[in-house]
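# Secondary and tertiary structure notes
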Amino acid sequence: AAADGLGSIAIDTTQLNMSVTDPTAWATAMNNLGMVPVGLAGQQLVTDSICVPGFDPSLSMMTGITPINPMIPGMGLVPPPPPTDVPVVKEIIHCKSCTLFPPNPNLPPPSTRERPPGCKTVFVGGLPENATEEIIQEVFEQCGDITAIRKSKKNFCHIRFAEEFMVDKAIYLSGYRMRLGSSTDKKDSGRLHVDFAQARDDFYEWECKQRMLAREERHRRKMEEDRLRPPSPPAIMHYSEHEAALLAEKLKDDSKFSEAITVLLTWIERGEVNRRSANQFYSMVQSANSHVRRLMNEKAAHEQEMEQAKESFKNALTGILTQFEQIVAVFNASTRQKAWDHFSKAQRKNIDIWRKHSEELRNAHSEQLMGIRREEEMEMSDDDSGDNPTKKLRVDDSALAAQAYALKEENDSLRWQLDAYRNEVELLKQEKGQLFRTEESLTKDQQLQFLQQTMQGMQQQLLSIQEELNNKKSELEQAKEEQTHTQAMLKVLQEQLKSAKELAEINGHDESQANEINVLTVALVNQDREKNSEKRSPGLKSEKEALLIGIISLFLHVHPFGANIEYLWSYMQQLDSRISANEIEMLLMRLPRMFKQEFTGVGATLEKRWKFCAFEGIKTV
């Protein structure tokens, strides 16, 4: 009989029909795959040895009984997977249309990619060229139910299984050599490569499953929180005369007092007390006050129980300490020479350890007992120094008088404590006021210092701004003077040019004479600019200007006939793209002893050129 959830099933070993030469090797290969053996032509997919005898497959259609899938794990029909530490022995697998030969066991196992989440699809490569979809389904349906096969023309395909565990069985076939029938043609053989495939359908189903599990987990946590949440307090009814009468009866009952006092407090806080209901609320407050005596009696009873418990604890602790003393005395007697010499070394060591441990425990218990006795002595001394008349009242049988006196004493002590607290509060207020004053004075001093520093900084800034303003004013005046002077010079030069041109037209001079006139006029302008520059005598503002002057000087020295400002600017832009032509022209105009401007041509061909003249100035000097 076979177990594993199928009950008693008769197994007839004679019904097992193997059409292979080595049935043991075939069974081993199928067990390694975790599959039921599939034989050649005429062989059953699932043998009768693991099926119920005489079971009719068509019975499920009539009765609604679902047939058992022998590939479901945990049903006992599929052998358990081999342990990971034992090397798996792969054998030849025979199918109806093909044969699978195992790879060389000495070779490393075939590599696979990382398994995608929820993977149910595998990639199968290295298929024979003549392999059809039916042959692929025949080989891989042994691993489980196949939902889809997508075959390509390039000897590979994708197979999607119904469950995830079936993919592991398909991966086992990676490395097998597949041969169709008994043919030796290359188109009928190929080495299989099975790997995990990433499919959107698998990932979508996995995400749906994860979301479902997350919803179940949230529902479970919510149910757990609801179960552990403390119950809500009962709702308090609204005030009415009828409810007030019922509440007054509950206040008189000791068992319902705690619930009733809560309702009374809520009504008072809600503002239900008015002229009409004041008497009723007063009676309820009076009923609440009547429970003070009961509570004091309960307190006295609990105190008496506590005293009795303390006394019994002290007596028990005294007995325990006496026994500890006796045990320590036994250990001390054992360590004396009469008995000590007869013990072995190990026994002496144990006795010494036990003695030390017992002494430590005895000392701890004795200290605890001494502490209890000290507390009792302090309580007795407090009672003796008080001279309270409560001692006489305790002798009497009148418990009410004793309670009244105790309440009076408690009231007095509370009044004294209140006075002490008031004095402390006043002292704290005074100290706090002094601290606040000191802190305020410190903050004021800091603010004054900060303001003084800011005022000094602002004054310095104002002085610097005034100096800059004066400098700018002087520069502006000089610029205005220069502008007026240059305008006057320009007018004079224009008149000279007109007269010179008229003379040239009358006398018929050629263009060379006109150029000489232009050169003379430019020389006069340059002389005037040199005079103005001598008046200004500006210096270089930065290292960048000095570098620009050096580069421009070298460039103009290489061009002895001069260069216009556009040519010079195009060359400088290659070195610094941020520089402008106006900036270069202003720099050249500031240094008339080094650079001079000349006009060449007449009319439309008139052109301004800059030349390097520093060496000429040195020669003249």
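Residues numbered from 1 in each chain as written. Predicted model: local features only at pLDDT ≥ 70, side-chain atom pairs only at ≥ 80, totals over all residues. Heavy atoms only, no water.

## Quick look at the overall build of the protein chain
Scanning the protein chain from N- to C-terminus turns up 18 helices and 10 strands. The proportion of buried residues among the 621 residues of the protein chain is 24%. Counting contacts in the protein chain only where the partners sit at least 6 residues apart, residues at least 24 apart contribute 64% of the total. Here the protein chain has roughly 44800 Å² of accessible surface; of this, 56% comes from carbon and sulfur atoms. (Helix = DSSP H or I, 4+ residues; strand = E, 2+ residues; numbered from the N terminus. Buried < 20%, exposed > 50% of the residue type's maximum accessible area, 1.4 Å probe, protein only. Contact = heavy atoms within 4.5 Å. Areas by Shrake-Rupley, 256 points an atom, 1.4 Å probe, with all protein chains shown as cover.)

## Describing the sheet that holds strand β6 (residues 177–180)
Reading across from one edge, β1-β2-β6-β7 is the order of the 4 strands in this open sheet, with antiparallel pairing throughout. Looking at the sheet topology across the chains shown, the edges are occupied by β1 (93–94) and β7 (189–191). When strand β2 (residues 98–101) meets β6, the two strands line up antiparallel, connected through 4 bridges. In the strand pairing of β6, Phe 101 is matched with Arg 177. (Pairing = 2+ DSSP bridges.)

## Observations regarding the UniProt feature "coiled-coil region" (unreviewed entry) in the protein chain
Mapped onto this structure's residue numbering, the UniProt feature "coiled-coil region" (unreviewed entry) falls at residues 285–312 and 404–496. For residues 285–312, the end-to-end C-alpha separation is 41 Å, with 96% helix and 0% strand making up the annotated structure. (UniProt positions renumbered as here; feature names shortened; annotations may be inferred.)

## Looking at the packing of aromatic side chains
Tallied over the entire structure, the rule returns 9 aromatic pairs. Between Phe 123 and Phe 156 the ring centres are 5.5 Å apart and the planes differ by 40°, which places this aromatic pair in the tilted class. With Phe 123 in strand β3 (residues 121–125) and Phe 156 in strand β5 (residues 156–161), this pair connects stretches of sequence that are 33 residues apart. Using a relative accessible area of 25% as the deciding quantity, one classes Phe 123 as partly exposed. Residues Tyr 172 and Tyr 176 carry aromatic rings whose centres are separated by 6.3 Å and whose planes lie at 45° to one another, so their mutual orientation is tilted. One exposure class covers both Tyr 172 and Tyr 176, and it is buried. Here a set of aromatic residues connected by ring pairs shows up, and it is made of Tyr 239, Trp 267 and Phe 281. Over the ring of Tyr 172 we find Lys 90, and its NZ or CZ is 4.8 Å from the ring centre. The aromatic ring of Phe 257 is capped on one face by Arg 294, whose charged end is 5.8 Å from the ring centroid. (Phe/Tyr/Trp six-rings, centres within 6.5 Å; stacked < 30°, edge-to-face > 60°. Lys NZ or Arg CZ within 6 Å of the ring centre and 35° of its normal.)

## Things to note about the state of the cysteines
Covalent bonding between the sulfur atoms of two cysteines is what defines a disulfide. All chains considered together, the criterion is met by 0 disulfides. As a non-bridged cysteine, Cys 95 has Cys 98 as the owner of its nearest cysteine sulfur, 4.4 Å distant. Residue classification places Cys 95 among the buried positions, given a relative accessible area of 2%. Given the relative accessible area of 1%, Cys 98 is considered buried. (Disulfide = S-S within 2.5 Å.)

## Brief notes about the pattern of salt bridges
Within this structure, the stated rule accounts for 22 salt bridges. One salt bridge connects Glu 217 with Arg 221, and the closest N-O pair in it is separated by 3.2 Å. One end of the pair is Glu 217 and the other is Arg 221, both in helix α5 (residues 200–228) and 4 residues apart, which spans about a single turn. In this structure Glu 217 comes out as partly exposed when scored by relative accessible area, which is 29%. For Arg 221, a relative accessible area of 52% corresponds to the exposed category. Between Asp 576 and Lys 544 there is a salt bridge whose closest N-O contact spans 3.7 Å. Here Asp 576, found in the loop between α16 (565–575) and α17 (581–590), pairs with Lys 544, found in helix α15 (residues 543–558); they are 32 residues apart in sequence, far enough to count as distant. Among the charged side chains, a salt-bridge network with shared partners connects Lys 120, Arg 160, Asp 202 and Glu 205. (Salt bridge = Lys/Arg side-chain N within 4 Å of Asp/Glu carboxyl O.)

## Let's talk about the nonpolar core
Grouped together as the largest cluster of nonpolar side chains are 30 residues, with contacts concentrated most on Val 124, Phe 140, Ile 159, Phe 161 and Met 178. Going through the elements one at a time, β2, β3, α3 (133–140), β4 (146–151), β5, α4 (165–171), β6 and β8 (193–196) are the ones with two or more residues in this core. In contact with Ile 159, other than residues within four places in its own chain, are Lys 120, Thr 121, Val 122, Val 124, Ile 136, Phe 140, Ile 146, Ala 148 and Ile 149. Counting residues in hydrophobic clusters, the runner-up holds 18 residues, among them Leu 568, Ile 579, Ile 584 and Ala 614. (Core = buried A, V, L, I, M, F, W, Y, C linked by side-chain atoms within 4.5 Å.)

## Re the packing of helix α6 (residues 241–252) against helix α7 (residues 257–270)
Where α6 meets α7, the axes come as close as 8 Å, and the angle between the chain directions of the two elements is 140°. With respect to each other, α6 and α7 are oriented oblique. Judged by the twist between their axes, the crossing of α6 over α7 is left-handed. Two secondary-structure elements touch here, α6 through Glu 243, Ala 244, Leu 247, Lys 250 and Leu 251 and α7 through Phe 257, Glu 259, Ala 260, Ile 261, Val 263, Leu 264 and Trp 267. (Axes fitted to C-alpha atoms, helices over the stretch in contact; angles between N-to-C directions. Parallel < 35°, antiparallel > 145°, perpendicular 65-115°, else oblique. Left-handed = near helix turned anticlockwise from the far one by under 90°.)

## Focus on a negative patch on the surface
Residues Glu 303, Glu 307, Glu 375 and Glu 379 make up a contiguous surface patch of negative charge. Looking at the negative patch, the elements with two or more residues in it are α9 (291–334) and α11 (345–386). If you trace the backbone, Glu 307 turns up in helix α9. (Patch = residues over 30% accessible without salt bridge, like charges linked within 9 Å, V, L, I, M, F, W, Y side chains within 5 Å. Lys, Arg positive; Asp, Glu negative; His and termini not counted. Charge placed at Lys NZ, Arg CZ, Asp CG, Glu CD.)

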